[in-house]
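# Per-entry structural report
Listed here are the chains, written in short residue letters.
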Amino acid sequence: MFYQVLKYVLLGPLLKLLFRPRVEGLEHVPEEGAAIVAGNHLSFSDHFLMPAVLSRRITFLAKQEYFTGPGLKGRLTAAFFRSAGQIPVDRSGKEAGRAAIREGLGVLAKGELLGIYPEGTRSHDGRLYKGKVGVAVMALTAGVPVIPCAMVGTFEIQPPGRVVPRIRRVTIRFGAPLDFSRYAGMEGQKEAVRAVTDEIMYRILELSGQEYVDEYAAKVKEAESAATPRKFPGRGR
């Protein structure tokens, strides 16, 4: 119930008014039945702008940190994401990844739309990074199509670290559904799930026009953070 109020009364109309999203390829999103919408992830705003333009409800696998933040802000954020029907995902290891896949398959088993960001985290520099294979495992296990999606302009309105987004127009593009029935029964084979994931990322790349990096975003962020000299008070500028 709260999801409908949020989408059609409170947040959805406001987002459309402020950001005037151009929507391309909406006809590619099926009106019924299970499917995965796989998108690039440039901004915190992505969580709200994509659902706002869809006629169907979409459930995202959201990082667990949104549900466990400290203080009043953390409690409000957690309450918001739970009320919107989003599912917390622990990204700390292989078993956590399996749990996320189980949760995603549960959404698909109900014939619903599942939203996922294959990069696993927001891009810190606007580039598109290598996708994790969970999206392929779910698509092959459930036997559902994958609709690639590109958010264009959301990095500019709210890059990581910016709390209040800039008011600018954004574009949301949906590509033709990808059918991976030729890989049926191969969800346990590393080569197959890697091939499916790479095909999904290539289609997102075509839609977004981003620069592609064949490395995982989290590892690149970690490496760049480790290479940045730490500043200490009283030790120069």
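Up top you'll find the structure we're talking about.
A brief structural summary. (Residues numbered from 1 in each chain as written. Predicted model: local features only at pLDDT ≥ 70, side-chain atom pairs only at ≥ 80, totals over all residues. Heavy atoms only, no water.)

## Topic: the overall build of the protein
Which entries qualify depends on this criterion: Strands here are runs of E lasting at least two residues and helices are runs of H or I lasting at least four, both read from the DSSP assignment and numbered beginning at the N terminus. Only protein chains enter the area calculation, which uses a 1.4 Å probe; residues under 20% of their type maximum are buried, those over 50% are exposed, and those in between are partly exposed. In this analysis, two residues are considered to be in contact whenever any of their non-hydrogen atoms come within 4.5 Å of each other. With residues, only the protein chains shown are counted as cover, and all accessible areas are computed by Shrake-Rupley using a 1.4 Å probe.
For the protein, the count of helices and strands is nine helices and nine strands. Burial status across the protein gives 45% buried among its 237 residues. Long-range contacts, defined here as pairs at least 24 residues apart, represent 79% of the contacts in the protein between residues at least 6 apart. When the accessible surface of the protein is split by element, carbon and sulfur atoms take 55% of a total near 12600 Å².

## Side note on the sheet that holds strand E8 (residues 171–174)
Note the following rule: Any two strands with at least two DSSP bridges between them are considered paired. Lines are fitted to the C-alpha atoms to define the axes, a helix being fitted only along its stretch in contact, and any angle between axes, read from their N-to-C directions, falls within 0 to 180 degrees.
One open sheet accounts for seven strands, arranged E1-E8-E7-E2-E5-E3-E4; its pairing is mixed. Edge positions in the sheet fall to strand E1 (22–24) and strand E4 (87–89), since each of these pairs with one other strand and no more. Each neighbouring strand pair of the sheet contributes to a mean axis angle of 25°, computed without reference to strand direction. One ladder, built from three bridges, connects E1 with E8; its direction is parallel. Following the sheet pairing, Arg22 is matched in E8 by Thr171. The sheet strands contacting helix H3 (residues 46–53) are E1, strand E2 (35–39), strand E3 (58–63), strand E7 (146–152) and E8, and the helix crosses E8 at an angle near 65°. Against the sheet, helix H8 (residues 190–208) contacts E2, E7 and E8, and its axis sits at roughly 35° relative to E7.

## Some words on the packing of aromatic side chains
For the record, the criterion: Centres within 6.5 Å make a pair out of two Phe, Tyr or Trp rings, where for Trp the six-membered ring is used; the pair is then stacked when the planes are under 30 degrees apart, edge-to-face when over 60, and tilted otherwise.
Considering all chains together, one arrives at three aromatic pairs under this definition. For the pair Phe60 and Tyr117, a centre-to-centre distance of 5.3 Å together with 20° between the ring planes defines the contact as stacked. Here Phe60 is found in strand E3, whereas its partner Tyr117 is found in the loop between strand E5 (113–116) and strand E6 (128–129), with 57 residues between them in sequence. Under the relative-accessibility criterion, Tyr117 is labelled buried at 9%. Each ring, one from Phe180 and one from Tyr183, has its centre 6.5 Å from the other, and the planes form 50°; the classification is tilted. In this pair, the class of Phe180 matches that of Tyr183, namely buried.

## Notes on unusual backbone geometry
You will see that Arg20, though not glycine, has its phi angle at about 40°, which is positive. The topology assignment puts Arg20 in the loop between helix H2 (12–19) and E1. With relative accessibility at 46%, the residue Arg20 sits in the partly exposed group.

The analysis is restricted to geometry; functional conclusions fall outside its scope.
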